[in-house]
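One-letter residues, chain by chain:
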Amino acid sequence: MESLISRITKKNIKPVAEKIFSSQRITPEEGLLLYSEASLPELALLSSIVRRRFNGDYAFFNNNFHIEPTNKCLYNCRFCSYHKPEGDPESWELSHEEMLSIVKSYDSKSVTEVHIVGGVHPAYDLHYWGGLIEKIKKHRPSLHIKAFSAIELDYMIRKAGYSVREGLSELKSRGLDSIPGGGAEIFDPEVRKIICNEKTSPEYYLEIHETAHRLGISSNATILYGHVEKYHHRIDHMERLRQLQDRTHGFNAFIPLKYRKANNSMSFLGEVNLLEDLRNYAVTRIYLDNFPHIKAYWPMLGREAAAVSLAFGTDDLDGTIDDTTKIYTLAGADEKPMMTTEGICRLIREAGFQPAERDSLYNVIRLW
């Protein structure tokens, strides 16, 4: 350990590094210090220590596809490039039959997960969406259904007149296996007033995830970074998630999502650069010491940048996706969201890690 500590050149970072080396939890103030003063080489070293503690040299991926039921949404978040109001010529809405047809198109393929997220359609409650997942599960029982952000769940459950627990129990009984992390954005109320004032409160987001965990439904968590927030807002966001994870241990992965500027009303802000992306990945890996996985969502970040992030604490690149999502493409990401198993394995190997194909709960299916 002494040789590793000797690589930390800044005196004010060394006490934090010693805590990280000895698996002690860092404080919010120490997390803020890492954001503002640690060098990128120091963050690479520290985050890699934590990463290997959890996952060794494995870099995970799964074979998955997305269904985006609609881009019609009753909310109009300023950062969103996906939302379209009812009646807009660029809006779409898929029927149950159309979505089931997408699932059937993968019958001969070795996918293990369908990821279902879209806009918050004003017309439909959990009975409509529960019917969809029931049809999917009946057609392909082994397919893991990861569906509906907390924002979607909030609306569909309230519209049906259910409590959170009742609504999630109903969806679980119909085939819901886990829920994604979308909709968290930034928990700070003042920042939310600027970027997503209409959206579900942070408290309710956390309540939905906690209730899901209590019911045996695992989930992911996210953060939207690189817009008007400051470092202390990111720390506050992660602290709330860390406390919830201490209580439930129900989160599988944390996914930092980068704000992309195309086709939304915050475009004037621009975007943070790759160095800031890597800084953020590293600090999140260090700070969220009870989250087993940190995901670099490659369609958002780009293939090569995602591979670099594996040296800054991330251990999961999401999946093959098969060109089934438009959310980040509409926001300006320049990657076609599709990779073969061979392509994602090659990307991982070239970054110096071991490709590990996983299921949705991070059970290893195959080492490549």
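As shown above, the structure is provided for reference.
These numbers come from a predicted model, not from an experiment.

Asks: Can you walk me through the overall build of the protein in this structure?
Replies: Summing up its helical and strand segments, the protein has 16 helices and eleven strands in all. Against the compact-globule benchmark of 21 Å for 368 residues, the protein has a radius of gyration of 20 Å, which places it among compact chains. Seen through its principal axes, the protein has C-alpha atoms that stretch 60 × 45 × 40 Å. Looking at the protein alone, contacts between residues at least 24 apart form 75% of all its contacts between residues at least 6 apart. As displayed, the protein offers around 14,500 Å² of accessible surface, 52% of which is attributable to carbon and sulfur atoms. Averaged over its 46 positive side-chain charges, the protein has a centre that lies 2 Å from the centre of its 50 negative ones.

Asks: Before we go on, may I ask you to explain the pairing of strand β11 (residues 364–367) in this structure?
Replies: Each regular strand shows side chains that alternate between the opposite faces of the sheet. As paired strands, strand β10 (residues 354–358) and β11 are joined by three bridges and run antiparallel to one another. Of the residues in β11, the one forming a bridge with Arg358 is Val364. Taking the residues between adjacent antiparallel strands as the criterion, β10 and β11 are bridged by five residues, where Tyr362 takes a positive phi near 70 degrees.

Asks: Just to check I follow, could you spell out empty space enclosed by the protein for this structure?
Replies: Taking a probe equal in size to a water molecule and rolling it over the atoms shows the remaining empty space. Under the counting rule described, the total for this entry stands at three cavities of 30 Å³ or more. Counted as a void, the second largest cavity has a volume near 50 Å³. Looking at the second largest cavity, the residues that line it are Gly119, Val120, His121, Tyr124, Trp129, Glu152, Tyr155 and Met156. Per-element tally for the lining of the second largest cavity: the top contributor is helix α7 (residues 150–160), with three residues. Its residues placed into classes, the lining of the second largest cavity shows five nonpolar, two polar and one charged.

Asks: Explain the nonpolar core here, please?
Replies: Considering soluble globular proteins, one finds that nonpolar side chains tend to be buried as a cluster. Counting 109 residues, the largest nonpolar core has Leu34, Ile116, Leu153, Leu168, Phe254 and Leu317 as the members making the most contacts within it. Sequence-distant contacts of Leu153, that is, excluding residues within four places in its chain, are made with Phe148, Leu168, Leu171, Ile179 and Ile208.

Asks: Would you mind going over the environment of Ala253 with me for this structure?
Replies: Along the chain, the position of Ala253 falls in strand β7 (residues 251–258). Take Ala253: its relative accessible area is 0%, and that puts it in the buried class. Leaving out residues up to four positions away in the same chain, Ala253 has contacts with Ser219, Asn220, Ala221, Phe291, His293 and Tyr362.

Asks: For this particular structure, what's the right way to read the sheet that holds β10?
Replies: Pairing between the strands of a sheet is mediated by backbone hydrogen bonds and can be parallel or antiparallel. Across the sheet, four strands lie side by side as β9-β1-β10-β11; this open sheet has mixed pairing. Each of the sheet's edge strands pairs with one partner strand only, and the pair in question is β9 (316–319) and β11. If you compare each strand with its neighbour and ignore which way they point, the axes differ by 30 degrees on average. The pairing of strand β1 (residues 58–62) with β10 spans four bridges and is parallel. For Phe61, the partnering residue across the bridge sits in β10 and is Glu357. Contacting β1, β9 and β10, helix α16 (residues 341–350) crosses the sheet at an angle of about 160 degrees to β1.

Asks: Even after reading the chapter, I still don't get the packing of aromatic side chains, so can you show me in this structure?
Replies: Aromatic ring pairs: the centre-centre distance and the angle between the two ring planes describe each pair. Going through the model one piece at a time under the given rule, you end up with eleven aromatic pairs. With 6.0 Å between their ring centres and 85 degrees between their planes, Tyr58 and Phe60 make a pair best called edge-to-face. By relative accessible area, Tyr58 is classed as partly exposed at 32%. Centre to centre, the rings of Phe65 and Tyr106 are 4.0 Å apart; their planes meet at 10 degrees, and the pair counts as stacked. In this pair, Phe65 sits in strand β2 (residues 64–67) while Tyr106 sits in the loop between α5 (96–104) and β3 (113–116), placing the two residues 41 residues apart along the sequence. Each member of the pair, Phe65 as well as Tyr106, is classed as buried. Members of the aromatic cluster, connected to one another through ring pairs, are Tyr124, Tyr128, Trp129 and Phe148. One Lys or Arg, Arg242, reaches over the ring of Tyr287 and ends 3.9 Å from the middle of that ring. The ring of Trp368 has Arg366 lying over it, and the distance from NZ or CZ to the ring centre is 3.5 Å.

Asks: Would you mind going over the pattern of salt bridges with me for this structure?
Replies: Charged atoms that come close allow side chains of opposite charge to pair. The final tally for this structure, using the stated rule, is 24 salt bridges. A salt bridge links Lys135 to Glu97, with the nearest nitrogen and oxygen atoms 4.0 Å apart. Of this pair, Lys135 sits in helix α6 (residues 126–139) while Glu97 sits in helix α5, placing them 38 residues apart in sequence. The shortest N-O distance in the salt bridge between Arg240 and Glu203 comes to 3.8 Å. One end of the pair, Arg240, is in helix α11 (residues 231–248); the other, Glu203, is in helix α10 (residues 202–214), with 37 residues separating them in the sequence. A residue is classified by how much of its surface remains accessible, and Arg240, at 22% relative accessible area, is partly exposed. Within this structure, Lys295, Asp316, Asp318 and Arg358 form a network of salt bridges that share partners.

About the cut-offs
Residues numbered from 1 in each chain as written. Predicted model: local features only at pLDDT ≥ 70, side-chain atom pairs only at ≥ 80, totals over all residues. Heavy atoms only, no water. Helix = DSSP H or I, 4+ residues; strand = E, 2+ residues; numbered from the N terminus. Rg over C-alpha atoms; globule rule 2.2 N^0.38 Å. Contact = heavy atoms within 4.5 Å. Areas by Shrake-Rupley, 256 points an atom, 1.4 Å probe, with all protein chains shown as cover. Lys, Arg positive; Asp, Glu negative; His and termini not counted. Charge placed at Lys NZ, Arg CZ, Asp CG, Glu CD. Pairing = 2+ DSSP bridges. 1 Å grid on protein atoms, 1.4 Å probe; cavity = no way out; pocket = protein on both sides within 12 Å on 5 of 7 lines; lining within 4 Å. Points joined across faces, edges and corners; volume = space filled by probe spheres on them. Nonpolar A, V, L, I, M, F, W, Y, C, P; charged D, E, K, R; others polar. Core = buried A, V, L, I, M, F, W, Y, C linked by side-chain atoms within 4.5 Å. Buried < 20%, exposed > 50% of the residue type's maximum accessible area, 1.4 Å probe, protein only. Axes fitted to C-alpha atoms, helices over the stretch in contact; angles between N-to-C directions. Phe/Tyr/Trp six-rings, centres within 6.5 Å; stacked < 30°, edge-to-face > 60°. Lys NZ or Arg CZ within 6 Å of the ring centre and 35° of its normal. Salt bridge = Lys/Arg side-chain N within 4 Å of Asp/Glu carboxyl O.

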